[in-house]
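Spelled out, the chains give:
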Amino acid sequence: MTVTDNAAPTMPAEAARLAAGFDPARLLADLDAVRTHQWKLQRYFGDGVGAQAEVDWRILPLRSPGGDPSRTDPGGPGGQECADTEWLARTPYLREVLAAVPAPLRAVRLMALGPGAVSDVHNDTKYGPAWGVARLHVPITTHHEATLVLDGVTHRWQPGEFWFGDFSRMHKVENTGTASRVHMVVDCLTVPELAAVFPAGWQEYFAHGEVLLNRPETPYAGDPSRLARRFQVPPPFADWEEEGEFPDAPERVQAEIAVTPGGVELRVAPDQSFPLVHIADAEFRFAGWSQERTLQLLDGPRAGVVLRTRVGREVRELAVNSESVELS
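Residues numbered from 1 in each chain as written. Predicted model: local features only at pLDDT ≥ 70, side-chain atom pairs only at ≥ 80, totals over all residues. Heavy atoms only, no water.

The next point concerns the overall build of the chain. Along the backbone of the chain there are 3 helices and 23 strands. A globule of 328 residues ought to have a C-alpha radius of gyration of about 20 Å, and the chain, at 21 Å, matches this closely. A burial count over the chain gives 52% of its 328 residues as buried. Long-range pairs, those at least 24 residues apart, make up 66% of the contacts in the chain with a sequence separation of at least 6. (Helix = DSSP H or I, 4+ residues; strand = E, 2+ residues; numbered from the N terminus. Rg over C-alpha atoms; globule rule 2.2 N^0.38 Å. Buried < 20%, exposed > 50% of the residue type's maximum accessible area, 1.4 Å probe, protein only. Contact = heavy atoms within 4.5 Å.)

In structure tokens:
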């Protein structure tokens, strides 16, 4: 089943300068405190952690999957929730900046684009409000020769400004100068409170547009034994980069909900495992991600599992039968 609203307002622009602003001198002081070593090259996240960037695009993670200080990728579904790294403790003003973001934080990275570095034209898969994620930028040090071309529009964001960009659109970054450009890049979940820092012209979009608004995480208070079960899923449900095939894919693979001392997991044959986070009413999202992908467990005469994917206001769902598994 698919639920959608074709009259929803569109995103007003490819980017927006946000209401908050920050002290450039204090930002730079925190940056200087963590510049005593060479940062690692960026890695991408697709089906797991990918290859390093081929240009001088270096990262210091302030928040990362599991708080791992070596992870330069933004993470994604099926891994761990993001947590602070040891580097964030050394940057007190950046902690203040992050505390001002009215949304749950995911990965936060200092990203340095070196002199002469030019990226390919690319887009960041599913990093946009339609998938429940916003990517925000706080420039720390930059110059006129460092540019972002986003959906054909050239931007030169300045130190201390606060910006949103829709990086699911095609874009590239370029630094033809002689000094690095450093931004703090903040990935957060889209929630109603985030709209408060956007311009007035964006409020209708947040209220009625193609924005996936995430519900807060809540502890699961029920009997864990009711969660463990086996069922079958279309393979695209476990493919983060799936676009359009779910729920129509005819193939099915075996899956199960496993309850372990560490929490609840979705296991999909032959070897995929996705830690789950409870939202409400026995509905779970994938750890490390938004509510773009959830599953809800049903008991009673409708015993089974409802698989859901969401893009903006559209919800695709598939109900499948399940059989209970006894906990060992």
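Our next topic: the pattern of salt bridges. Under the counting rule described, the total for this entry stands at 20 salt bridges. Here Arg230 makes a salt bridge to Glu323, at a shortest N to O gap of 3.9 Å. Here Arg230, found in strand β15 (residues 229-233), pairs with Glu323, found in strand β23 (residues 322-324); they are 93 residues apart in sequence, far enough to count as distant. Judged by its relative accessible area of 35%, Arg230 falls in the partly exposed class. Through salt bridges with shared partners, a single ionic network connects Arg215, Glu283, Arg308, Arg310 and Glu317. (Salt bridge = Lys/Arg side-chain N within 4 Å of Asp/Glu carboxyl O.)

Moving on, we get to the pairing of strand β20 (residues 293-298). With 6 of 6 residues buried, β20 lies mostly within the body of the structure. Here β20 shows a buried face lined by Arg293, Leu295 and Leu297 and a second buried face lined by Thr294, Gln296 and Leu298. As paired strands, strand β19 (residues 283-286) and β20 are joined by 3 bridges and run antiparallel to one another. Bridge assignment links Arg285 to a residue of β20, and that residue is Thr294. (Pairing = 2+ DSSP bridges.)

Mapped onto the fold, Thr72 is located in the loop between β6 (57-65) and β7 (82-84). For Thr72, the side chain forms a polar contact with the main-chain oxygen of Leu41, separated by 2.9 Å. (Polar contact = N/O pair within 3.5 Å; in protein donor to acceptor, adjacent residues only side chain to side chain.)

Bridge count between strand β16 (residues 253-260) and strand β17 (residues 263-268): 6 bridges; the pairing is antiparallel. By the bridge assignment, Ile257 is partnered in β17 with Leu266. Relative to strand β18 (residues 272-280), β17 runs antiparallel, the two sharing 4 bridges. Bridging from a neighbouring strand, Leu266 pairs with Phe274 of β18. Where β17 hands over to β18, the hairpin turn is made up of 3 residues, counted between the paired strands.

With 40 residues, the main nonpolar core has Leu62, Leu110, Leu136, Met184 and Phe198 as its most contacted residues. Breaking this core down by element, the ones donating at least two residues are α1 (24-33), β6, α2 (92-99), β8 (105-113), β9 (133-141), β14 (181-189) and α3 (203-208). In contact with Leu136, not counting residues within four places along its chain, are Leu18, Val101, Phe162, Trp163, Phe164, Met184, Val185, Val186 and Cys188. One finds Val253, Ala255, Ile257 and Leu297 within the second-largest nonpolar core, a separate group that totals 23 residues. (Core = buried A, V, L, I, M, F, W, Y, C linked by side-chain atoms within 4.5 Å.)

Every disulfide links exactly two cysteines, by a covalent bond between their sulfur atoms. Evaluation of the coordinates by the stated rule reveals 0 disulfides. Just so you know, Cys82 is unpaired, no disulfide at all, and the nearest cysteine sulfur is the one on Cys188, 12 Å from it. Its relative accessible area of 15% is what places Cys82 among the buried residues. Cys188 sits in the buried class, given a relative accessible area of 0%. (Disulfide = S-S within 2.5 Å.)

As a further point, take the sheet that holds strand β13 (residues 171-175). As summarised here, the arrangement of the 3 strands in space is β11-β10-β13, forming an open sheet in which the pairing is antiparallel. Sheet topology places β11 (153-155) and β13 at the edges, where each strand pairs with a single neighbour. For this sheet the average axis-to-axis angle between neighbouring strands, irrespective of direction, equals 20°. (Axes fitted to C-alpha atoms, helices over the stretch in contact; angles between N-to-C directions.)

What follows is about the environment of Ala29. Relative to the helices and strands, Ala29 resides in helix α1. Here the alpha-carbon distance between Ala29 and Arg135, two residues 106 residues apart in the chain, equals 23 Å.

Attention now moves to unusual backbone geometry. In this chain, Phe246 is followed by Pro247 through a cis amide linkage whose omega measures 5°. Of the consecutive residues Ala269 and Pro270, the connecting peptide bond is found in the cis state with omega at 5°. Examined against the element boundaries, Pro270 turns out to sit in the loop between β17 and β18.

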